[in-house]
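Summary of structural features
Chain by chain, the residues run as shown.
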Amino acid sequence: MSRSEKEVLEIAARDGLLLNQDSLEFNESGVDFQVVFAVDQQENEWVLRLPRREDVMPRTAEEKKALDLVKEHITVFEAPNWKIYTNELIAYKKLNGIPAGTIDHEIQSYVWELDINNVPDCFYNTLGKALVALHNVPIEKAMNVGLTVHTPEEARESMKERMNAVREEFGVGDTLWTRWQQWLQNNEMWSMKTGLIHGDVHAGHILIDKEGNVTGLIDWTEAKVSDVSNDFAVLYRTFGEDGLELLINAYKEAGGYVWPKMKEHIIELEAAYPVAIAEFAIVSGSDEYFQMAKQALQIIDA
């Protein structure tokens, strides 16, 4: 569901946020939230997130806990500080930087702020430092605020359970299922540590400056303590194996925990991405995502 300009102004005003009507700029790329950029009557820039479905807002409770934790422990990058948090609106003052890329649904691809064919080293270096800072937030602190916390064994078991649930609901092609099982059973692939993750580190959620330095991360809906590889998988999908190696090296240089089969593990984690598509199809009830899921799961009649 998308709101009109008039509805957005009314919702914001109910929470005491008086916006300049001619300042509203809509971004419809998100599947969970409609995003509106706006300026208030004191010339402060704001980001407004309006839920598209009823299932969206209950899941933001975890996000709020993670953001409070990040605000307390991290200084190397910015994250949203929610000033308004109600059932119909999340609003925070706009952060520095711009998204590295924005999804254009018409062309089904990113519109990039980076030179995608010549990504600057500073992008990988600063993203590596940001991920190290995030993954090193004390796990006991995450427990204390009530975030979901997985041990390495639980992260692996959770993936196994998710795969089984998706297979039961949709079915999975034999070749893909075999690949998943081999990955799950390969002890060398899996990390001996977990950490606080963002969970959806793609170009639209990474803020950069004009030089390509990472300045912030937004949209923390998937945050929890789990397998840190989750914060590398989408970058692998976007920048390929060479980009993944550059990011892992930058992460290691910044003091991140790297194990011998980390790269291979991330590649296999990316191969399990159809699980997330299927889960979203179930939660959203979207016919489009049901068809996408069947295709991604290599089901013959897709």
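In this text, all values refer to a predicted model and were calculated from it rather than measured experimentally. (Residues numbered from 1 in each chain as written. Predicted model: local features only at pLDDT ≥ 70, side-chain atom pairs only at ≥ 80, totals over all residues. Heavy atoms only, no water.)

Quick look at the overall build of the protein chain now. Scanning the protein chain from terminus to terminus reveals 10 helices and 12 strands. In summary, the protein chain has a C-alpha radius of gyration of 20 Å against a globular reference of 19 Å for 302 residues, a match within 12%. Its C-alpha atoms put the protein chain at 55 × 45 × 45 Å along the principal axes. A buried classification covers 49% of the 302 residues belonging to the protein chain. (Helix = DSSP H or I, 4+ residues; strand = E, 2+ residues; numbered from the N terminus. Rg over C-alpha atoms; globule rule 2.2 N^0.38 Å. Buried < 20%, exposed > 50% of the residue type's maximum accessible area, 1.4 Å probe, protein only.)

Its 24 residues give helix α7 (residues 230-253) an end-to-end C-alpha distance of only 19 Å, which falls more than 12% under 34 Å, the value for a rise of 1.5 Å per residue. Gly 255 occupies a position one or two residues after α7 and carries a positive phi of about 100°. (Expected span 1.5 Å × (residues − 1).)

Here we take up the packing of aromatic side chains. On inspection of all chains with the given rule, the structure shows 13 aromatic pairs. Here the aromatic rings of Phe 123 and Phe 239 are separated by 5.9 Å at their centres, their planes lie at 65°, and the arrangement is edge-to-face. Of this pair, Phe 123 sits in helix α3 (residues 121-135) while Phe 239 sits in helix α7; the two residues are 116 residues apart in sequence, bridging distant segments of the chain. Take Phe 123 and Phe 239: they sit in the same class, and that class is buried. What links up through ring pairs into an aromatic cluster is the set Tyr 110, Trp 112, Phe 123, Tyr 124 and Phe 239. Here Arg 237 stacks its cationic end above the ring of Tyr 273, 3.9 Å away from the centre of that ring. (Phe/Tyr/Trp six-rings, centres within 6.5 Å; stacked < 30°, edge-to-face > 60°. Lys NZ or Arg CZ within 6 Å of the ring centre and 35° of its normal.)

What follows concerns the pairing of strand β11 (residues 214-217). Bridging between strand β10 (residues 206-208) and β11 involves three bridges; their strand directions are antiparallel. Across the sheet, the residue bridging to Leu 207 is Gly 216, located in β11. Linking β10 to β11, which pair antiparallel, is a turn of five residues; within it Gly 212 sits at a positive phi near 100°. (Pairing = 2+ DSSP bridges.)

Inspection of every chain in the model, using the stated rule, returns 17 salt bridges. The residue Glu 88 makes a salt bridge to Arg 14 at a minimum N-O spacing of 3.1 Å. On the criterion of sequence distance, the pair formed by Glu 88 in the loop between β4 (82-85) and β5 (90-93) and Arg 14 in helix α1 (residues 5-14) is long-range, its members being 74 residues apart. Classification of Glu 88 by relative accessible area gives partly exposed; the value is 26%. Under the relative-accessibility criterion, Arg 14 is labelled exposed at 56%. Close ionic contact of Asp 219 with Arg 49 constitutes a salt bridge, the shortest N to O distance being 3.6 Å. Taken as a pair, Asp 219 in the loop between β11 and β12 (224-226) and Arg 49 in strand β3 (residues 45-51) lie far apart in primary sequence, 170 residues in all. Across the pair, Arg 49 and Asp 219 agree in class, each one buried. Through salt bridges with shared partners, one network takes in Asp 32, Arg 53, Asp 55 and Arg 59. (Salt bridge = Lys/Arg side-chain N within 4 Å of Asp/Glu carboxyl O.)

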